[in-house]
Amino acid sequence: MNIPLVDLKSQYQLLKHEIDSAIHHVIDETAFINGKYVQTFENEFAKAYGVKYCISCGNGTDAIYIILKSIGIGQGDEVITVANTWISTAETITQAGAKPVFVDIHPYYYNINTELIEKKINDKTKAIITVHLFGQPANMDVIQELCQKHSLLLIEDCAQAHFAEWNKRKVGTFGIAGSFSFYPGKNLGAYGDAGAIITNDDSFAERVRMFANHGALQKHNHIIEGVNSRLDGLQAAILSVKLPHIYAWNKRRQNNALLYNKLLNEIDLITIPKIDPRVSHVFHLYVVRTPHRDELQVFLKERGIATGIHYPTPLPFLKAYKYLNHSPDNFPIAYLYKDHILSLPMFPELTENQIGYICDSINEFFKT
Ligand SMILES: *Cc1c(COP(=O)(O)O)cnc(C)c1O
């Protein structure tokens, strides 16, 4: 049996008629850039989140960069984020002119360890970017409190956590802004690059829209220099077709995770993901830990099962951040887990049969 890490084809087959027709409409109307499909999706996404504004942009990385620039992050500032995440979260801090300050991960939940944040806050600290990694919200109670106490801006990277909740409140709504990626493999994915920013703040929303559009709100009236980062009509129309399905898809991901947990629970050398009782975890990724990770990965590959590692090198240990001179004992948990974490196939259309086969194979590996 061949099982990919993510299967985008089966979802397309289910929605083929609607998606093909949406694409044809956009082309018929040559609504390629901005225009009604983009506006419609922005309105639908804002409504689904219960926020005042959704400003679309080119991708999830741009979304973070645009937020940082629009809150005035720049030279001499420090922004706190987590050691294990996709590089977008940190490279955009540098691009904005500031310094990324990393915090180790939580030993069970894999997000930023909130107990370690305060000692990294100093006079230069301006913001915290929290990441809801793998689809599980970080501890927003503590992070919000710290931001209030130290007057820091809170940004949420929701690229892996569309519609996930902390204490029944959707992530992306706790701070000044939430950033989203609609990269094809994300829980809500376009058919190319796409991203968005949500916020309830009027003047911030205006600055975001301006910065993403060459610093102009009206054509040729450039108030500042900005960037060109926009969602195109084709992606917007596809996202509008997919958006109504997101709750059902997240539910299926959650059910898949519960089945995995049940079938893997008895294996001593596998640590299954722990779900924080305060969250709705949307399982962008299903990540287990084992000291025999590399051998298990090879074994599963031989059985046709694709797996991934998110991520093989925590950011502080990448060559790109060598200049910060971090050592393993600065981030002991992230450093230890990098050789143990393994992402098993996860997508809404994954069948019980496939999960059964994957878990049987893992069982077999540990028996032999
Ligand atoms: C995917 C991802 C991004 C970046 O999104 P792109 O659309 O690929 O630019 C940022 N942060 C996290 C945590 C991600 O997983």
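From a predicted model like this one, the values you see are computed outputs, not experimental measurements.

1. Focus: the UniProt feature "modified residue: N6-(pyridoxal phosphate)lysine" (unreviewed entry) in the protein chain
Link 1 in the chain: Feature annotation in UniProt assigns "modified residue: N6-(pyridoxal phosphate)lysine" (unreviewed entry) to the following positions: Lys186.
Link 2 in the chain: Counting through the fold element by element, Lys186 comes out in the loop between strand 8 (177-181) and strand 9 (195-199).
Link 3 in the chain: On the accessibility criterion, Lys186 (17% relative accessible area) is buried.

2. Observations concerning the site of the ligand
Link 1 in the chain: For the ligand, the set of nearby residues contains 13 residues, the closest of which are Gly60, Thr61, Asp157, Ser181 and Lys186.
Link 2 in the chain: Ser181 has a polar side-chain atom sitting 2.6 Å from an oxygen atom of the ligand.
Link 3 in the chain: Within the contact set of the ligand, an oxygen atom lies 3.0 Å away from a side-chain nitrogen or oxygen of Lys186.
Link 4 in the chain: Here the ligand loses 92% of its free accessible area of 380 Å² to cover by the protein chains.
Link 5 in the chain: Secondary-structure elements contributing two or more residues to the shell around the ligand are helix 3 (60-70) and helix 4 (88-95).
Link 6 in the chain: For the shell around the ligand, the per-class residue count stands at 3 nonpolar, 8 polar and 2 charged.

3. Regarding the UniProt feature "active site" (unreviewed entry) in the protein chain
Link 1 in the chain: Listed under "active site" (unreviewed entry) in the UniProt record, and renumbered for this structure, are Lys186.
Link 2 in the chain: Apart from the residues lying within four places of it in its own chain, the contact partners of Lys186 are Ala159, His162, Ser181, Arg253 and His284.

4. Some details on the sheet that holds strand 9
Link 1 in the chain: One open sheet accounts for 7 strands, arranged 1-9-8-5-4-2-3; its pairing is mixed. Two strands bound the open sheet, and with one partner strand each, they are strand 1 (53-57) and strand 3 (99-103). Ignoring which end each strand starts from, the neighbouring axes of this sheet average 25° apart.
Link 2 in the chain: Summarising the sheet, strand 5 (residues 153-157) and strand 8 pair through 3 bridges and their orientation is parallel. Directly across from Ile155, in strand 8, lies its bridge partner Ala177.
Link 3 in the chain: Across the sheet, helix 3 touches strand 1, strand 2 (78-82), strand 4 (125-131), strand 5, strand 8 and strand 9, and the angle it forms with strand 8 is around 160°.
Link 4 in the chain: Seen against the sheet, helix 6 (residues 202-212) touches strand 1, strand 8 and strand 9 and runs at an angle of roughly 15° to strand 1.

5. Some points on the domain arrangement of the protein chain
Link 1 in the chain: Once the domains are mapped, the protein chain shows domain 1 (8-244) and domain 2 (245-367).
Link 2 in the chain: Counting residues at the interface gives 48 residues for domain 1 and 38 residues for domain 2.
Link 3 in the chain: For the domain 1 and domain 2 pair, buried surface summed over both sides reaches about 3,800 Å², with 60% attributable to carbon and sulfur atoms.
Link 4 in the chain: It is Tyr110, Phe134 and Asn187 in domain 1 that bury the most area against domain 2; as a group they hold 18% of the surface buried on that side.

What counts, and at which threshold
- Residues numbered from 1 in each chain as written.
- Predicted model: local features only at pLDDT ≥ 70, side-chain atom pairs only at ≥ 80, totals over all residues.
- Heavy atoms only, no water.
- UniProt positions renumbered as here; feature names shortened; annotations may be inferred.
- Helix = DSSP H or I, 4+ residues; strand = E, 2+ residues; numbered from the N terminus.
- Buried < 20%, exposed > 50% of the residue type's maximum accessible area, 1.4 Å probe, protein only.
- Near = heavy atom within 4 Å.
- Polar contact = N/O pair within 3.5 Å; in protein donor to acceptor, adjacent residues only side chain to side chain.
- Areas by Shrake-Rupley, 256 points an atom, 1.4 Å probe, with all protein chains shown as cover.
- Nonpolar A, V, L, I, M, F, W, Y, C, P; charged D, E, K, R; others polar.
- Contact = heavy atoms within 4.5 Å.
- Pairing = 2+ DSSP bridges.
- Axes fitted to C-alpha atoms, helices over the stretch in contact; angles between N-to-C directions.
- Domains from an automatic or database assignment.
- Buried area = accessible area lost by both parts, 1.4 Å probe.

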